[in-house]
Amino acid sequence: QVQLVESGGGLVQAGGSVTVSCAASGRTYYGTGWFRQAPGKEREFVAGISWNGGSTYYTDSVKGRFTISRDNAKNTVYLQMNSLKPEDTAVYSCAARLLVYSNYEKDYAYWGQGTQVTVSS
């Protein structure tokens, strides 16, 4: 069993930066994905990282602005978000699955509760 707890969301101005964290209990051999869901929209995959950090993925809309990383000594995955836009406003949730990330929600066994990121214009 893995428990995930997100933190670090908040209100930020457009063009600003924020880092959200996903702290996991248990073993670290999990790939992790960050998803987001804006009001009235479906949840979308934003970024993923393999268990050892050797492979990462970003959806097109965040490439060059977001960076996913992990510190396995702290059992924590980070999503650093720069050059934020109002359209990045959403609840950001992390999810974990064995070894590698997936772009698909259905592939994840474990989810955090989510953290709100609001970008003001």
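It should be noted that the structure appears before, not after, this text.
A few points on the structure. Note that the structure is predicted; figures quoted are calculated from it, not measured.

**Re unusual backbone geometry**
- If you check the backbone angles, Asn 75 has positive phi at about 50° while not being a glycine.
- When you line up the elements, Asn 75 lands in the loop between β7 (66-71) and β8 (76-81).
- Assessed through its relative accessible area of 22%, Asn 75 is described here as partly exposed.
- Phi at Ser 83 takes a positive value of approximately 50°, unusual for a residue other than glycine.
- Along the chain, Ser 83 falls in the loop between β8 and β9 (90-98).

**Some remarks on the state of the cysteines**
- One pass over the full model with this rule turns up one disulfide.
- Here Cys 22 connects covalently by a disulfide to Cys 94, the sulfurs 2.1 Å from one another. The S-S bond linking Cys 22 to Cys 94 shows a torsion near 70°; that makes this disulfide right-handed. Within this pair, whereas Cys 22 is found in strand β3 (residues 18-24), its partner Cys 94 is found in strand β9, the two being separated by 72 residues in sequence.
- Classification of Cys 22 as buried rests on a relative accessible area of 3%.

**Re the sheet that holds β8**
- On the basis of which strands lie adjacent, the open sheet formed by four strands has the order β1-β3-β8-β7 and antiparallel pairing. If you trace the sheet from one side to the other, it starts and ends with β1 (4-7) and β7, each paired once. Taking each pair of neighbouring strands and ignoring which way they run, the sheet shows an average axis angle of 15°.
- Examined bridge by bridge, β1 and β3 share four bridges and lie antiparallel to one another. Bridging across to β3, Leu 4 finds its partner in Ala 24.

What counts and what doesn't
Counting of residues starts from 1 at the beginning of each chain's written sequence and follows it residue by residue. Totals for whole chains, interfaces and linings use every residue, but because this is a predicted model, local features are given only for residues with pLDDT of at least 70 and side-chain atom pairs only at 80 or more, for both listing and counting. Only hydrogens and water are set aside; all other atoms, that is, all heavy atoms of the structure, feed into the side-chain values. Each helix corresponds to a stretch of at least 4 residues labelled H or I by DSSP, and each strand to a stretch of at least 2 residues labelled E; elements are numbered beginning at the N terminus. Burial classes follow relative accessibility: with a 1.4 Å probe on protein chains only, a residue under 20% of its type's maximum area counts as buried, one over 50% as exposed, and anything between as partly exposed. Cysteine sulfurs are considered disulfide-paired once they come within 2.5 Å of each other. For two strands to pair, DSSP has to find at least two bridges joining them. The axes used here are C-alpha line fits, helices contributing only the stretch in contact, and every angle between their N-to-C directions lies in the interval 0 to 180 degrees.

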